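# Remarks on the overall topology
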Amino acid sequence: KQTKLTLPIRIIQFISLRHPLLFYGLPGLALLAVSGYFAYNALDYFSSYRYVTVLLTNRLFIAVGTAIIGIVLLATGSMLYSIAAMLKGRIKIES
């Protein structure tokens, strides 16, 4: 059965498999930059006030969470790129 979301889902699948470094890598780098910002902000806050608050722990949770998601996206993009390159014959496996 065709739904209204079938075309957008197919387009997203096509782009993610055709250009995995752009589709997964750029958001991964952006999330790592956001993570760095929140980590710097949290460390700056802690060095100024010298005690742990809810605001500090929230910033650290955001920093760690976005870093994990960013790393997973970068790893996914690089693995999909490598698999696609092997299937297209750009990378030779020597045994």
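As shown above, the structure is provided for reference.
What counts and what doesn't
- Residues numbered from 1 in each chain as written.
- Predicted model: local features only at pLDDT ≥ 70, side-chain atom pairs only at ≥ 80, totals over all residues.
- Heavy atoms only, no water.
- Helix = DSSP H or I, 4+ residues; strand = E, 2+ residues; numbered from the N terminus.
- Expected span 1.5 Å × (residues − 1).
- Buried < 20%, exposed > 50% of the residue type's maximum accessible area, 1.4 Å probe, protein only.
- Contact = heavy atoms within 4.5 Å.
- Axes fitted to C-alpha atoms, helices over the stretch in contact; angles between N-to-C directions.
- Parallel < 35°, antiparallel > 145°, perpendicular 65-115°, else oblique.
- Nonpolar A, V, L, I, M, F, W, Y, C, P; charged D, E, K, R; others polar.
- Phe/Tyr/Trp six-rings, centres within 6.5 Å; stacked < 30°, edge-to-face > 60°.

The next subject is helix 2 (residues 20–49). Spanning 30 residues, helix 2 covers 43 Å between terminal C-alpha atoms, matching the ideal 44 Å at 1.5 Å per step. Listing the buried residues of helix 2 in full gives P20, Y24, G25, G28, S35, N41, A42 and Y45. Its buried side turned inward, helix 2 meets helix 1 (6–18) and helix 3 (54–88). Immediately beyond the C-terminal end of helix 2, within one or two residues, lies R50, with a positive phi of roughly 60°.

Here we take up helix 3. Relative to the 51 Å expected for 35 residues at 1.5 Å per residue, helix 3 spans 51 Å between its end C-alpha atoms, a close match to the ideal helical length. The inward-facing, buried residues of helix 3 abut helix 2. One or two positions beyond helix 3, positive phi appears at G89, with a value near 90°.

With that settled, consider the packing of helix 1 against helix 2. Packing of helix 1 against helix 2 leaves a shortest axis separation of 4 Å and a crossing angle of 90°. One finds that helix 1 runs roughly perpendicular with respect to helix 2. Where helix 1 approaches helix 2, its residues I12, I15, S16, L17 and R18 are matched on the opposing element by P20, F23 and Y24. Its residues assigned to classes, the contact of helix 1 with helix 2 comprises 6 nonpolar, 1 polar and 1 charged.

One pass over the full model with this rule turns up 4 aromatic pairs. Look at F23 and Y24: their rings are 5.0 Å apart centre to centre, the planes differ by 85°, and that puts the pair in the edge-to-face class. Looking at Y24, the relative accessible area reads 19%, which means it is buried. Where Y49 meets Y51, the ring centres are 6.4 Å apart and the plane angle is 65°; that geometry is what we call edge-to-face. Y49 gets classed as partly exposed once you look at its relative accessible area, which sits at 46%. Classification of Y51 as partly exposed rests on a relative accessible area of 45%. Through a chain of ring-to-ring contacts, the aromatic side chains of Y45, Y49 and Y51 assemble into a single cluster.

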